Amino acid sequence: MPAGWRFIATEALTEDVLDWQVPFTLSSNPKRDLSGPGAMAGTVEPEYARLLGPDGDPLLQEWGTKLYLEVDGAIRWGGLVTKTSYDGERAMVSCEGFSTYPHGIPFEDYIISGKKITPKDPNAGKDKNHDGYLDGSKPKRKVPAAPKPYGGPRLDVYDAVRKVWSHVQSKPHGNVGLVLDTHDKGELLGASDGSDPWELAWWDAPDCGSTLDTLVNQFQFDWMETHAWKDSTSNTITHRLRLGTPRLGRKREDLRFAQGENIVAIARPEGMGDEYADEVVVLGRGEGQKMLRSHVATLGKWPRRLRRVATITDKTLSSGSALRKRGQQELQGRTAALQIPAIQIVDHANARFGAWSLGDDVRVQVHVPWVGDVDVWHRIVSDEISADGLMTLTLKRSDSFHY
């Protein structure tokens, strides 16, 4: 294990420290993902008496143990032990981030946003002879029109995320200790007139994890879990789920990633492949022939290419301008040129390890045969640290994001 590294195990519910220096050998590097739980895997060999509980069971238990990587005093990765297996004296342990926990947990409550409310008609039943006038009125008065239905209270998207997480963590033995950001996204669920309420109902047997994934995909926002020591004097590790507004990260003019300096290897550069499109059709609110639709196209740099069309459906879009804007953003990303999927870097003055955050936009400068020098802004979507002193950053072109 490199100097300055240690793996710390705690009990999942109480967070009592089980072992300060787990003899863990990595088989899969600790990886953090933007809008994903991340993962880590390794082995412990041989059998250690201190890693066995009073009952003889291993302390590293599936869904019962949290495992952290600390590097030079900072928590660089944290997650839950989710799978164990044994081969002789070797224990194989797989971990995933806390945010994997809601998957497989049923939602057992009821939430509705933008419920259609039909007010009671105060004149109902007061025209028994159906002549259009109020019974017994003198002079005769016509029956007023019934009050129109309207939409009820609506939830912000992030309120829905917090409600699902609260449901998960409020159950007995369900609190993983994750604290969510409190700000709103600024988008409300359901239609304002009550015509299309958003509903999460226990009788539909929804899965909490799948519900959260659907909200992310539909409303396009970033999230990231982080773990850190509460302060320099305590043994308490805090856990936070950061919510983007709608994205996390920022443009990092202060960092530089260049081949021959801190980049030691690059993944095979690639074009857009199946993601390429020079036309985009965006479908918005409404159904059937009344559905809103916009069409955006460009010949781009290569007018001799065959036509490729991407269709995007987003029921939150309710105006022509919103549909066109989404189409132009989508088109910009799908007509982008070369992308560097990943780079491997060393700790360097250009960009010290830990200086960036997932979601940051960074400038990547490399030389690609057949193409030449490439100098393109990419976004960091995951990172993984290895014991040999290298860091791998997974990247996507910054202009492929439309939020």
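Residues numbered from 1 in each chain as written. Predicted model: local features only at pLDDT ≥ 70, side-chain atom pairs only at ≥ 80, totals over all residues. Heavy atoms only, no water.

### A few points about the overall build of the chain
Here is the rule: The numbering of helices and of strands both runs from the N terminus, where a helix is a DSSP run of H or I of at least 4 residues and a strand a run of E of at least 2. A radius of gyration in this sense is built from C-alpha atoms; the matching globule rule multiplies 2.2 Å by the number of residues raised to 0.38. Accessibility here uses a 1.4 Å probe with only protein chains present; expressed as a share of the type maximum, an area under 20% marks a residue as buried, one over 50% as exposed, and anything in between as partly exposed. Should any heavy atoms of two residues lie within 4.5 Å, those residues are considered in contact. Shrake-Rupley sampling with a 1.4 Å probe provides the accessible areas, and residues are treated as covered by the protein chains on show and by no other component. Positive charges come from Lys and Arg, negative ones from Asp and Glu, while His and the chain ends are left out of the count. Every charge is mapped onto a representative atom, which is NZ of Lys, CZ of Arg, CG of Asp or CD of Glu.
What the chain contains, in helices and strands, is three helices and 23 strands. The C-alpha radius of gyration computed for the chain amounts to 27 Å, which surpasses the reference 22 Å derived for 403 residues by more than 25%, pointing to a less compact arrangement than a globule. When the backbone C-alpha atoms are referred to their principal axes, the chain occupies close to 95 × 65 × 40 Å. Residues counted as buried form 43% of the 403 residues belonging to the chain. Once local pairs closer than 6 in sequence are excluded, the contacts in the chain between residues at least 24 apart make up 66%. About 21,600 Å² of surface is accessible on the chain, with carbon and sulfur atoms providing 49% of the total. Side-chain charges in the chain split into 50 positive and 55 negative, and the spacing between the mean points of these groups amounts to 11 Å.

### Digging into the sheet that holds strand β11 (residues 179-180)
One key point about sheets: their strands pair by backbone hydrogen bonds, in either a parallel or an antiparallel sense. Just so we agree on the cut-off: Two strands qualify as a pair provided that DSSP identifies no fewer than 2 bridges between them.
Taken together, the three strands give an open sheet; going across it, the order is β11-β14-β13, and neighbouring strands pair in mixed fashion. Looking along the sheet, the strands with just one partner apiece sit at the ends: β11 and β13 (223-229). Across two bridges, the pairing between β11 and strand β14 (residues 237-243) is parallel. Each residue of the ladder has a partner; that of valine 179, found in β14, is arginine 240.

### Description of unusual backbone geometry
A cis amide bond, omega 0 degrees, links glutamate 45 with the succeeding residue proline 46. Counting through the fold element by element, proline 46 comes out in the loop between β4 (36-44) and β5 (65-71). Cis geometry is found at the peptide bond from threonine 245 to proline 246, where omega equals 0 degrees. Along the chain, the position of proline 246 falls in the loop between β14 and β15 (257-258).

### Here's the deal with the pairing of strand β1 (residues 5-11)
Burial analysis of β1 places five of its seven residues in the buried class, the great majority of the element. In this structure, β1 lies alongside β5, joined through seven bridges in antiparallel fashion. Within β5, the residue paired with arginine 6 across the bridge is glutamate 70. Where β1 lies against strand β2 (residues 17-19), two bridges are found, and the strand directions are antiparallel. Looking at the pairing, threonine 10 lines up with valine 17 of β2. Between the antiparallel neighbours β1 and β2 lie five residues, among them glutamate 15 with a positive phi of about 65 degrees.

### Observations concerning the packing of helix α1 (residues 157-170) against helix α2 (residues 208-219)
Condition: What counts as an axis is a line fitted to C-alpha atoms, over the stretch in contact for a helix, and the angles between N-to-C directions run from 0 to 180 degrees. Throughout this description, any angle smaller than 35 degrees is read as roughly parallel, any larger than 145 degrees as roughly antiparallel, any in the 65 to 115 degree range as roughly perpendicular, and the remainder as oblique. For a crossing to be left-handed, the near helix must be turned anticlockwise from the far one by less than a right angle; the clockwise case is right-handed. Classification used: nonpolar for Ala, Val, Leu, Ile, Met, Phe, Trp, Tyr, Cys and Pro, charged for Asp, Glu, Lys and Arg, polar for all others including Gly.
Packing of α1 against α2 brings their axes to within 10 Å, and their N-to-C directions diverge by 165 degrees. In terms of orientation, α1 and α2 fall into the roughly antiparallel class. The handedness of the crossing between α1 and α2 is left-handed. On α2, the residues that touch Val157, Ala160, Val161, Val164, Trp165, His167 and Val168 of α1 are Cys208, Thr211, Leu212, Leu215 and Phe219. For the contact of α1 with α2, a count of residues per class yields 10 nonpolar, two polar and no charged.

### Quick look at the packing of aromatic side chains
Short version of the rule: Working definition: rings of Phe, Tyr and Trp (its six-membered ring) pair if their centres are within 6.5 Å, and the pair is stacked with planes under 30 degrees apart, edge-to-face with planes over 60 apart, and tilted otherwise. For a ring to carry a charge above it, either NZ of a lysine or CZ of an arginine must fall within 6 Å of the ring centroid while also lying within 35 degrees of the normal to the ring plane.
This structure, assessed with the given rule, holds nine aromatic pairs. On the numbers, 5.5 Å between centres and 80 degrees between planes, the contact of tryptophan 202 with tryptophan 203 is edge-to-face. Plain terms: the ring middles of phenylalanine 257 and tryptophan 356 are 6.1 Å apart, the flat faces sit at 65 degrees to each other, and that makes the pair edge-to-face. Residue phenylalanine 257 is located in strand β15, and its partner tryptophan 356 is located in the loop between β20 (342-346) and β21 (361-368); the two are separated by 99 residues in the primary sequence. Each residue in the set Trp5, Phe7 and Phe24 is aromatic and connected to the rest through ring pairs, giving one cluster. Between the NZ or CZ atom of arginine 379 and the centre of the ring of phenylalanine 401, over which it lies, the distance is 4.7 Å. Taking NZ or CZ as reference, lysine 396 lies 5.4 Å from the ring centre of phenylalanine 401, over its face.

### Digging into the pattern of salt bridges
Where we set the bar: The term salt bridge refers to a side-chain nitrogen of Lys or Arg lying within 4 Å of a carboxyl oxygen of Asp or Glu.
Within the structure shown, the criterion is met by 20 salt bridges. Between aspartate 254 and arginine 252 there is a salt bridge, with the nearest N and O atoms lying 2.9 Å from each other.

### Re the nonpolar core
The following threshold applies: Nonpolar cores are built from buried Ala, Val, Leu, Ile, Met, Phe, Trp, Tyr and Cys residues. Side-chain atoms within 4.5 Å join them into one set.
In this structure, Val22, Phe257, Ile343, Ile345, Trp356 and Leu393 are the most contacted members of the largest nonpolar core, which totals 43 residues. Here this core gets five residues from one element, more than from any other, and that element is strand β22 (residues 372-385). When near neighbours in sequence (up to four residues on either side) are disregarded, valine 22 contacts Met1, Phe7, Ile8, Ala9, Val44, Arg50, Leu51, Leu60 and Leu67. Core analysis: the second largest hydrophobic core is formed by 33 residues, Val164, Leu178, Val216 and Trp223 among them.

### Points about the side chain of threonine 100
Relative to the helices and strands, threonine 100 resides in the loop between β7 (90-96) and β8 (110-113). Look past the residues within four positions of threonine 100 in its chain and what remains in contact with it is Pro37, Trp63 and Thr82.

### Brief notes about the pairing of β20
The pairing of strand β16 (residues 263-266) with β20 spans three bridges and is classified as antiparallel. Considered in β20, the bridge of isoleucine 263 is made with isoleucine 345. Pairing of β20 with strand β23 (residues 390-397), which is carried by five bridges, proceeds in the antiparallel orientation. Its bridge partner lying in β23, alanine 342 is registered against threonine 394.

### Comments concerning the sheet that holds strand β19 (residues 309-313)
Pairing is mixed across the open sheet formed by three strands, whose spatial order is β18-β17-β19. Edge positions in the sheet fall to β18 (293-297) and β19, since each has one partner strand and no second. Across this sheet, the average inter-strand angle for adjacent strands is 15 degrees, counted without regard to direction. Alignment of strand β17 (residues 279-283) against β19, held across five bridges, turns out to be parallel. Paired with valine 280 across the two strands is alanine 310, which belongs to β19.

It is worth stressing that arrangement in space is one thing and function is another; only the former is reported here.
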